[in-house]
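Tertiary structure, described
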Amino acid sequence: MKILRLVSILALVAGMASAFPAAAQGDDLVLKGDAKCTACHDESDNPQLLQIGKGKHGTRADGRTPTCTSCHGASDAHADSKGQQRPAPERTFTKHAKTPVADRNDACLSCHEKDAKRSHWAGSTHDTRDVACTSCHQVHTGHDKVRDKRTQPEVCYACHKEQRGQVNRPSHHPIPEGKMSCSDCHNPHGSVGPKLLKRDSINDTCYTCHMEKRGPFVHNHEPVNEDCTLCHNPHGTTAENMLKARPPFLCQQCHTPHGGFIPQVAGAQATAPTTNTPGKSGTWVTQGRACNNCHTQVHGSNNPTVTNPTPQFMFR
């Protein structure tokens, strides 16, 4: 008796499924409510569009996940058109789209501006220069290049070509090696610091890694406290340690050069080398580590004032 009752229930369920096939099975392919779009934009039309399901925008279990119309608008005229020439969706994101950049970005910021990392987008350099979110980000893909440390620099180099050349110089941060990315120092969505840096100043950004240079020191080197980029180019140079020029030529941009013997340090007149005074021409100052042969603590020294030689000259 129970078996007959079970068979009748299964038959009833099967009949309901056949009477309402669309309601029972649904036509959504990737996102909730995407049947209106994927009726045309399926695997045979443009399979790339369905790749959105491989990223965070395709997480159907998350109530914050957008739908097609969240970004592209209702686009009823586009969906209901039966002619050969369909009108474009209300909002498009291609490179040559007619949708204004501000409107494209509003579609993204309606969700993402609540994030503290994007709170300074309005008025930032990228915003004022009409950079669209989709100029850097890809949504319909499982791998957004700009969110991957290994591929992010290539996205940035599309505009910042000067930095591409600098990073490929002999002395550089390990960006080509994939150990760093542009966003380790910069916040492309806007910041309160200069040059879209993540910290409030250039030095504070550098100190996140180079903490040993922070100080404070007993004897501070004022240019170091002011701006690291007075001496260094963080994107890369041909001199060691990413210096803009090698010592002593870098140092002599601020300091009056002196020769290779002690009286010249005190301002005595330089004398030409003779057979009795070899090696006093100052040539050795430009060789090896140059000024750093003696001035080893260029970022600051903690030597007490009673030591000899005097420590205010950044000696060890």
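Look above for the structure.
The sections below set out a description of the structure shown in this document. (Residues numbered from 1 in each chain as written. Predicted model: local features only at pLDDT ≥ 70, side-chain atom pairs only at ≥ 80, totals over all residues. Heavy atoms only, no water.)

**Focus on the overall build of the protein**
A tally of helices and strands in the protein yields 13 helices and two strands. Partitioning the contacts of the protein with sequence separation of at least 6, the portion at a separation of at least 24 is 44%. Within the structure as shown, the protein displays about 21,500 Å² of accessible surface, and the carbon and sulfur contribution to it stands at 57%. (Helix = DSSP H or I, 4+ residues; strand = E, 2+ residues; numbered from the N terminus. Contact = heavy atoms within 4.5 Å. Areas by Shrake-Rupley, 256 points an atom, 1.4 Å probe, with all protein chains shown as cover.)

**Quick word on the pattern of salt bridges**
With the rule as written, the count across this model stands at six salt bridges. For D115, the salt bridge goes to R118, with nearest N and O atoms at 2.6 Å. Taking relative accessible area as the criterion, R118 reaches 23% and is therefore assigned partly exposed. Among the ionic pairs, R164 bridges to E154, the shortest N-O distance being 3.3 Å. Of the two residues, R164 is situated in helix α10 (residues 161-167) and E154 in helix α9 (residues 152-157); the sequence distance between them amounts to 10 residues. The class for R164 is partly exposed, based on a relative accessible area of 32%. (Salt bridge = Lys/Arg side-chain N within 4 Å of Asp/Glu carboxyl O. Buried < 20%, exposed > 50% of the residue type's maximum accessible area, 1.4 Å probe, protein only.)

**A closer look at the environment of S44**
Topologically, S44 is positioned in the loop between α3 (35-38) and α4 (68-72). On the basis of relative accessibility, which here comes to 69%, the residue S44 falls in the exposed class. At a separation of 2.8 Å, a polar atom in the side chain of S44 contacts the side chain of D42. (Polar contact = N/O pair within 3.5 Å; in protein donor to acceptor, adjacent residues only side chain to side chain.)

**Side note on helix α6 (residues 101-112)**
Over its 12 residues, α6 runs 16 Å from end to end, which matches the ideal 16 Å to within 8%, given 1.5 Å per residue. Of the residues making up α6, those classed as buried are V101, R104, N105, A107 and L109. Tucked inside the fold, the buried residues of α6 contact α4 and α8 (133-136). (Expected span 1.5 Å × (residues − 1).)

**Some thoughts on the side chain of T205**
Inspection of the secondary structure puts T205 in helix α11 (residues 202-207). Take T205: its relative accessible area is 7%, and that puts it in the buried class. In this structure, T205 is in contact with C185, L197, K198 and R199, ignoring residues within four places of it in sequence.

**Examining unusual backbone geometry**
Following G215, the chain continues to P216 via a peptide bond in cis, the omega torsion being 5 degrees. Structurally, P216 can be placed in the loop between α11 and β1 (219-220). The step from P247 to P248 runs through a cis peptide bond, and the omega angle for that step is 5 degrees. One non-glycine residue, L196, lies in positive phi territory at about 60 degrees. If you trace the backbone, L196 turns up in the loop between α10 and α11. According to the relative accessible area criterion, L196 is buried, its value standing at 13%.

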